[in-house]
Amino acid sequence: MTLISPGKRNTQEDQRGISTMALSVWNYCVPLAIIIAACLVNTARCQAVQAENVTVLEGGTAQISCRLQNYDGSIVVIQNPRRQTLFFNGTRALKDDRFQMVLFTQRLVRITLTNVSVSDEGGYFCQLYTDATHHQVATLSVSVPPETPTVEVKQEAVEGGEAELTCVSPRSKPATTLRWMHNGREIPGVVSQQDNGKTFSVSSTIRIPVERKDNGAALNCEAIHPALSGQKRVRHYRLDVYFAPTVRIVSPTGILREGDSLSLTCSITGNPLPRDILWSKINDTLPERAEISGPTLQISRLSQSHNGTYLCQAQNNFGRAADHYTLLVYENVSVTTMAPTTSPIQPTSTPTSHFLDPKDPSAVVETHSAVPYAVIGGVLALLVFTVICVLIVTIWCSVRQKGSYLTHEASGLDEHGEVQEAFLNGNDASQGKKEYLL
């Protein structure tokens, strides 16, 4: 037994393959050359047929053409990929109304196929029967553009978690290209492809972290395919993020007094939005005058018995929240005007105003001004301080005036003594007076 090295064995196999290829080319080219030569010698008897390949969109219309050369009236047969005869010299042979013979001349035979489907794909035979049978195959290719893709939610988006979304294009040929987009930026996805015979289904899955602020974010799944001529099929999707509710009570501003009305509104956010809102009063029941209308609590004609803490609660499948409001109703302060009496001391009253009731113009309504205790105390303190200051000034002025009177009285006695002494001494009284005046 002779051993052959691997390198030598490969060389022999290559030589054997080359020889086989050369023999195949020889066997194909020599008869073709003989036919061509015969055609050149006698073109009148040389007939040939040519077929054109066709590509059409599914649902469209395909035109299958067979071109004839030097046709002399021989038999022309057109067959489908299953080798069933469709037309025999222009006569229908297969009962399929989708096929129509539209042209039959000495140079061109053309049929049409409407409502094309992928099952119609394959080679259509154009055969010319003469002394030797000539045939050519027209290959029909059907392109299936994708429909608008769909979005499937594999995992619900919950605040603080992840959302898993899958974009699906169930049928296309060739396989479509899917991509996820958000605000003009592509989100990489995991792509899978399945062969369904002559069509393909494609899916692209993404997993993205989500927060409350992502609720309602716009995502797009785009399908790109050669049959769309540069266009895209886009599925728009709004991200739905679930989160627990938040509650805030919107309350009025200012001081509430007896007789006023109170309106509290419970402002709630959440996904899903809570439908049931619970109003309550801590350590007590709601007042009889309390009315609840949706998220609003209203209490008319407030009194101090309504004081307390009111609570608004809401919940959904993902959590619960509450907010409270403390009500403090102040007592009204009003002084009624009293009728005049003969007493020298009249009671002090607050200014009273009168106005006409719009419902009854003949009725006069008397209103009293309500002055807070702090204002009354301040006014009284100011009055007391003013009185004390006046008393101090009065006493001081009185003391000052009495001292001045005693001084002038003493001065008058001295003057009288000097005049008397001048009279006794015989001096002129006027001179003494003059000196006194000086």
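Residues numbered from 1 in each chain as written. Predicted model: local features only at pLDDT ≥ 70, side-chain atom pairs only at ≥ 80, totals over all residues. Heavy atoms only, no water.

A short note on the packing of aromatic side chains
Right, on to step 1. Applying the stated criterion across every chain, the model contains two aromatic pairs.
Right, on to step 2. Ring centres of Tyr242 and Phe318 lie 5.3 Å apart, and the angle between their planes is 15°; on these two criteria the pair is classed as stacked. With Tyr242 in strand β20 (residues 241-250) and Phe318 in the loop between β26 (308-316) and β27 (319-327), the pair connects residues that are 76 residues apart, well separated along the chain.
Right, on to step 3. Over the aromatic face of Phe125 sits the side chain of Arg83, whose NZ or CZ is 3.8 Å from the ring centroid. (Phe/Tyr/Trp six-rings, centres within 6.5 Å; stacked < 30°, edge-to-face > 60°. Helix = DSSP H or I, 4+ residues; strand = E, 2+ residues; numbered from the N terminus. Lys NZ or Arg CZ within 6 Å of the ring centre and 35° of its normal.)

Points about the pattern of salt bridges
Right, on to step 1. All told, the structure shown has 13 salt bridges when counted by the stated rule.
Right, on to step 2. The partner of Glu162 in a salt bridge is Arg207, and the shortest N-O contact between them spans 2.8 Å. Of this pair, Glu162 sits in strand β13 (residues 162-172) while Arg207 sits in strand β17 (residues 200-209), placing them 45 residues apart in sequence.
Right, on to step 3. A residue is classified by how much of its surface remains accessible, and Glu162, at 32% relative accessible area, is partly exposed.
Right, on to step 4. One salt-bridge network, held together by shared partners, links Asp96, Arg98 and Asp120. (Salt bridge = Lys/Arg side-chain N within 4 Å of Asp/Glu carboxyl O. Buried < 20%, exposed > 50% of the residue type's maximum accessible area, 1.4 Å probe, protein only.)

Some words on the sheet that holds strand β7 (residues 99-104)
Right, on to step 1. Strand order in the open sheet formed by four strands is β1-β3-β8-β7, with antiparallel pairing between adjacent strands. Where the open sheet ends on each side, the last strands, each with one partner, are β1 (48-51) and β7. Taken over all neighbouring pairs, the strand axes of this sheet differ in orientation by 20° on average, direction set aside.
Right, on to step 2. Pairing geometry for strand β3 (residues 62-69) and strand β8 (residues 108-113), over six bridges, is antiparallel. Each residue of the ladder has a partner; that of Ser65, found in β8, is Arg110. (Pairing = 2+ DSSP bridges. Axes fitted to C-alpha atoms, helices over the stretch in contact; angles between N-to-C directions.)

Side note on unusual backbone geometry
Right, on to step 1. Of note, the bond from Lys173 into Pro174 is cis; its omega dihedral lies within 30 degrees of zero at -5°.
Right, on to step 2. Topologically, Pro174 is positioned in the loop between β13 and β14 (177-182).
Right, on to step 3. The residue after Asn271, namely Pro272, is reached through a cis peptide bond having omega 0°.
Right, on to step 4. On the secondary structure map, Pro272 appears in the loop between β22 (262-271) and β23 (277-281).
Right, on to step 5. Positioned with a positive phi, Asn283 is a non-glycine residue whose angle comes to about 60°.
Right, on to step 6. Position of Asn283 among the secondary structure elements: in the loop between β23 and β24 (290-293).

Some details on the environment of Asp72
Right, on to step 1. Structurally, the position occupied by Asp72 is in the loop between β3 and β4 (75-79).
Right, on to step 2. Residues Asp72 and Thr130 lie 58 residues apart in sequence; the distance between their C-alpha atoms is 9.2 Å.
Right, on to step 3. In this structure the side chain of Asp72 is engaged in a polar contact, spanning 2.6 Å, whose partner is the side chain of Ser74. (Polar contact = N/O pair within 3.5 Å; in protein donor to acceptor, adjacent residues only side chain to side chain.)

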